[in-house]
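# Fold and geometry: a report
One-letter residues, chain by chain:
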Amino acid sequence: MKRNTLASLIWVRISRFTHQSAQLSNDFLKQFDITAAQFDVLNQIGTYQPLSQSELADKITISAGGISRMLSRLEREGYIQRTSEWKTKWISLTDKGESKLESVFDHQLAFQTSLMDDCLTREEQQTLYKLMTKVQKHAEKKLGK
């Protein structure tokens with residue numbers, strides 16, 4: 001029985017695009033020996049460092065358990081360092097992490113941009129950005145953020 005609302009169909013499209021985009025990014029980033037999730041984490045750390053693990057968790061889309069495992073792996077690979085200050089663990093990029101992010105960033109940015117540029121006009125992108133910002137802000141409000 002199909003009783004979809006337009007809103008539910010939009011949600012399905014957003015979910016599918018998010019999943020497909022992550023798959024495409026992972027395939028693209030294989031050449032750099034990094035995953036889309038790792039790229040996101042390195043990019044967030046590089047942008048806001050030093051930051052705590054809880055601050056990082058608020059900025060990315062990985063579960064608490066997943067982020068802990070990822071940070072351990074990135075630390076083992078020498079991309080990040082964690083320092084403790086009382087109960088807070090601060091995370092920052094190492095020189096190797098900075099270098100990795102720098103070598104990948106422009107390529108991933110161009111790839112992500114192409115996903116939109118290939119099918120949407122500049123005006124359509126601006127409209128989509130405004131609408132998605134509105135929806136995201138509404139969700140944040142519901143989450144109490």
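### Examining the overall build of the chain
- Check the secondary structure of the chain and you find six helices and three strands.
- Along the chain direction, N to C, the helices and strands of the chain fall in the order α-α-β-α-α-β-β-α-α.
- Across its three principal axes, the chain shows a C-alpha extent of roughly 50 × 35 × 30 Å.
- Per-residue burial over the chain gives 25% buried out of 145 residues.
- Considering only residue pairs separated by 6 or more positions, the chain has 51% of its internal contacts joining residues 24 or more positions apart.
- Only carbon and sulfur atoms are counted for the fraction: they give 54% of the accessible area of the chain, which is about 10700 Å².
- Across the chain, the mean location of the 21 positive side-chain charges is 11 Å away from that of the 17 negative side-chain charges.

### Observations regarding a negative patch on the surface
- A cluster of acidic residues, D95, E98, E102 and D106, forms a negative patch at the surface.
- By the secondary structure assignment, E102 is in helix α5 (residues 95-117).
- Exposure remark for E102: the relative accessible area of 66% places this residue in the exposed category.

### Examining the side chain of K100
- In this fold, K100 is placed in helix α5.
- Notably, K100 is buried but unbridged: the nearest opposite-charge side chain belongs to D33, and the N-O separation is 5.3 Å.
- The contact partners of K100, leaving out residues within four places of it in the chain, are F32, D33, I34, L42 and Y79.

### Concerning the packing of aromatic side chains
- For the structure on display, the rule yields three aromatic pairs.
- With centroids separated by 6.0 Å and ring planes inclined at 55°, the aromatic side chains of F28 and F32 adopt a geometry described as tilted.
- Three or more aromatic residues link up through ring pairs in this structure, and these residues are F28, F32 and F111.
- Cation over ring: K59 sits above Y48, and NZ or CZ is 4.0 Å from the ring centre.
- Sitting over the ring of Y79, K96 keeps its end group 5.1 Å from the ring centre.

Conventions adopted
Residues numbered from 1 in each chain as written. Predicted model: local features only at pLDDT ≥ 70, side-chain atom pairs only at ≥ 80, totals over all residues. Heavy atoms only, no water. Helix = DSSP H or I, 4+ residues; strand = E, 2+ residues; numbered from the N terminus. Buried < 20%, exposed > 50% of the residue type's maximum accessible area, 1.4 Å probe, protein only. Contact = heavy atoms within 4.5 Å. Areas by Shrake-Rupley, 256 points an atom, 1.4 Å probe, with all protein chains shown as cover. Lys, Arg positive; Asp, Glu negative; His and termini not counted. Charge placed at Lys NZ, Arg CZ, Asp CG, Glu CD. Patch = residues over 30% accessible without salt bridge, like charges linked within 9 Å, V, L, I, M, F, W, Y side chains within 5 Å. Salt bridge = Lys/Arg side-chain N within 4 Å of Asp/Glu carboxyl O. Phe/Tyr/Trp six-rings, centres within 6.5 Å; stacked < 30°, edge-to-face > 60°. Lys NZ or Arg CZ within 6 Å of the ring centre and 35° of its normal.

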